[in-house]
Amino acid sequence: MRRNIPADPLRDLKPEESAGENNVQEWSWSPDDLEEQVCERRVRRKVFELVPAAREDDILHRYVVFALRTNFYDEKTGHRVLPAGALKWIGGGEFETGIAVLDYLKQHFDLQYRDHIPGKRCRLLVQDGLPQELHQFDKEKSFVPLSQQEDPAYLLSGRSYTAKRGSEKREELREQLQEERHRAPSAGARKTFDLLNFGPGKDHRSSRLTSKMLDHLDQAYERVRSMDIKAGQRDYYLSQLSAIGRQHQPFYTFSSKGHTDRVFGYNDGLLNLPSEVRAILCQDFVEVDLRSAHLLIAAWLWDAGDALSQLRKESYSIWEDLMRHLKPLFHDQGQSVPSPGEQLFSRVKATLKKAVYSTVYGMPAPSIQATVTRDLKSILGRKVGERLRNHSIIGELLSKRQQKLREMEVGSFIEGPTGIRVEIEEPVGGDGVDPRSAMATLAQSYEQAAMQVILELERDLENQGGRNHFRTAVWLHDGAYVRMRSPQARTKDLKERLRKRCRDLADFAGEDKPLPAFFEVEAIEPPSVEK
């Protein structure tokens, strides 16, 4: 089953909070992932011991597998989503309706569900009716690296699992992705898609590079188990680590609506994990980050001069500045202003990040204020949203955004440097985008045009012949994880290419001064488990 979830920094931005398109999970459902779930063989024996009827009844067996291993959760309630397609699969085509499948299952399990989410063909599974002992046994034995599992087998079929399945799965994913190429929203997006999925040379992008993640799976599992998060979210993260164990290489696809040049995770695994867990898995790589990309590009495009002068400083941190801005509220609550690395800093930053990016991706200013107040009032009181709006950079961006919105005409087209072209329309219906979304589309086009210099450097070094020691391992919209030898020389190459690209982008935009974007290149430091 595929879930398209945005990678950081926008993975926590709910779709209703953003007018810019981020590839929120698809509602289509496939049993593929469940049919490939692996467990120790004794987990299967425990299934038949605790649910003996499942040994002879394939319908009950499929339901048990679904209830144990689905990673499809509703964000608002935390309940598992039970799509119509899943009920059809569980029923094996023997029932005319989903209700009939549920009625059959209720004869064997004390399951409880809520009726469908409006506009979606699904229900929410409130209680699955499986013995808690079975859930616990499965988590203890299965959510560990495959190398530590005794006699691994497929949970559904019982066939023995072999490591070669990982390479077979990669070939299947590449074949599927060939069918996706026609959905590219622009030539630039297709270029990113091809270089990431199929590699910069004649051969496919090797999975050997990202196999380094497998060395750190133990530590990642430990981190997820120690995180202060809801049980459903923890189960989801554990399922993604399990997916990495079966096939570790990330693949990428286009957004569902085609309103952005960004690419998103196609398969389960690394890209669906939070940054702190990614840092553990990817600690052997170097991060190349397009610093403050969202805000800086918006400030440049919207002529927000004061904001731009701050954001272009390599020493400037918007997050530390916002913390200082909120100092009176911290003091009112009897707290000191937190520093980077402290839990309170990370917690407040997570909410501020949603709000800050929402200024670029179209969320109305009153909604930004209300959301921040809702999420942070327990820490900083009820004035936190209002105070955030009064921050100099946020305030100027919101004001300049409003000016640009007034200049945009319904029925006109916007085109980005990657070649993406969308029609501006009223905020209802049609294939175009509303003005706020159009602004996000444009900003993301500039972002991706700048980011592509990373893939172009890799491609050019590959085409020179000899051994290429600069490789892209992971793509994160406004950053990438890479492996590089001679980091000083490669960093110089990247920065020079970015400077040239920023001059080209200024020519495209009709601006006198180049986009003042810059890369920050740092080794990836994993968080401590105790933190």
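All values reported here derive from a predicted model rather than from experimental measurement.

Reading the values: rules and limits
- Residues numbered from 1 in each chain as written.
- Predicted model: local features only at pLDDT ≥ 70, side-chain atom pairs only at ≥ 80, totals over all residues.
- Heavy atoms only, no water.
- Phe/Tyr/Trp six-rings, centres within 6.5 Å; stacked < 30°, edge-to-face > 60°.
- Helix = DSSP H or I, 4+ residues; strand = E, 2+ residues; numbered from the N terminus.
- Buried < 20%, exposed > 50% of the residue type's maximum accessible area, 1.4 Å probe, protein only.
- Lys NZ or Arg CZ within 6 Å of the ring centre and 35° of its normal.
- Salt bridge = Lys/Arg side-chain N within 4 Å of Asp/Glu carboxyl O.
- Pairing = 2+ DSSP bridges.
- Axes fitted to C-alpha atoms, helices over the stretch in contact; angles between N-to-C directions.
- Parallel < 35°, antiparallel > 145°, perpendicular 65-115°, else oblique.
- Left-handed = near helix turned anticlockwise from the far one by under 90°.
- Contact = heavy atoms within 4.5 Å.
- Nonpolar A, V, L, I, M, F, W, Y, C, P; charged D, E, K, R; others polar.
- Core = buried A, V, L, I, M, F, W, Y, C linked by side-chain atoms within 4.5 Å.

(A) Structural context of the packing of aromatic side chains. Inspection of every chain in the model, using the stated rule, returns ten aromatic pairs. On the basis of an interplanar angle of 45 degrees and a centroid distance of 5.1 Å, the ring pair of tyrosine 63 and phenylalanine 109 is categorised as tilted. One end of the pair, tyrosine 63, is in helix H3 (residues 58-69); the other, phenylalanine 109, is in the loop between helix H5 (98-106) and strand E3 (112-114), and 46 residues separate them in sequence. Its relative accessible area of 1% is what places tyrosine 63 among the buried residues. Note on phenylalanine 95 and tyrosine 104: the rings are 5.6 Å apart at their centroids and 50 degrees apart in plane angle, and the pair reads as tilted. Taking relative accessible area as the criterion, phenylalanine 95 reaches 26% and is therefore assigned partly exposed. Positioned over the ring face of phenylalanine 137 is lysine 46, at 5.0 Å from the centre of the ring. A cation sits over an aromatic face here: arginine 421 above phenylalanine 413, 4.1 Å from the ring centre.

(B) The arrangement of the pattern of salt bridges in detail. Counting across every chain of the model gives 32 salt bridges. Linking glutamate 276 and arginine 223 is a salt bridge whose minimum nitrogen-to-oxygen distance equals 2.8 Å. Placement of glutamate 276 in helix H11 (residues 275-281) and of arginine 223 in helix H9 (residues 217-226) is noted, with a sequence separation of 53 residues between them. A relative accessible area of 27% places glutamate 276 in the partly exposed class. A salt bridge links glutamate 407 to lysine 404; its shortest N-O distance comes to 3.9 Å. Taken together, the positions of glutamate 407 and lysine 404, both in helix H19 (residues 392-407) and three residues apart, correspond to about one turn of that helix. Salt bridges here are not isolated pairs; linked through shared partners, they connect Glu36, Arg165, Glu168, Lys169 and Glu172.

(C) Fine view of the sheet that holds strand E8 (residues 286-290). The strand order E11-E12-E8-E13 describes an open sheet built from four strands, whose pairing is antiparallel. What marks the edges here is a single partner per strand, and that holds for strand E11 (470-475) and strand E13 (519-523). On average, each strand axis in the sheet is inclined to that of its neighbour by 30 degrees, with strand direction left out of account. Pairing of E8 with strand E12 (residues 479-484) involves four bridges; the strand directions are antiparallel. Looking at the pairing, valine 288 lines up with alanine 480 of E12.

(D) Structural detail: the packing of helix H8 (residues 187-198) against helix H20 (residues 435-463). Look at H8 against H20: their axes get within 11 Å of each other, and the N-to-C directions meet at 50 degrees. Between H8 and H20, the interaxial angle falls into the category oblique. Note on packing geometry: the crossing formed by H8 with H20 is left-handed. Counted together, Gly188, Lys191, Thr192, Leu195 and Leu196 of H8 and Gln452, Leu455, Glu456 and Arg459 of H20 form the full contact between these two elements. Split by residue class, the contact of H8 with H20 holds three nonpolar, three polar and three charged.

(E) Just the packing of H3 against helix H6 (residues 132-142), in detail. Remark: H3 packs on H6, axes separated minimally by 10 Å, with the N-to-C direction vectors making an angle of 65 degrees. Judged by the sense of rotation from one axis to the other, the crossing of H3 with H6 is right-handed. Residue-level contacts link Val64, Ala67, Leu68 and Arg69 of H3 to Leu134, His135, Asp138 and Ser142 of H6. In the contact of H3 with H6, the residues fall into four nonpolar, two polar and two charged.

(F) The arrangement of the nonpolar core in detail. By size, the foremost hydrophobic cluster in this structure holds 113 residues, and its most contacted members are Leu241, Leu281 and Ile454. In terms of residue count, H20 provides more of this core than any other element does, twelve residues in total. Residue contacts for leucine 241: discarding those within four places in its chain leaves Leu217, Ala220, Tyr221, Val224, Leu273, Val277 and Leu281. By size, the runner-up hydrophobic cluster in this structure holds 36 residues, among which are Leu34, Ala54, Val81 and Leu87.

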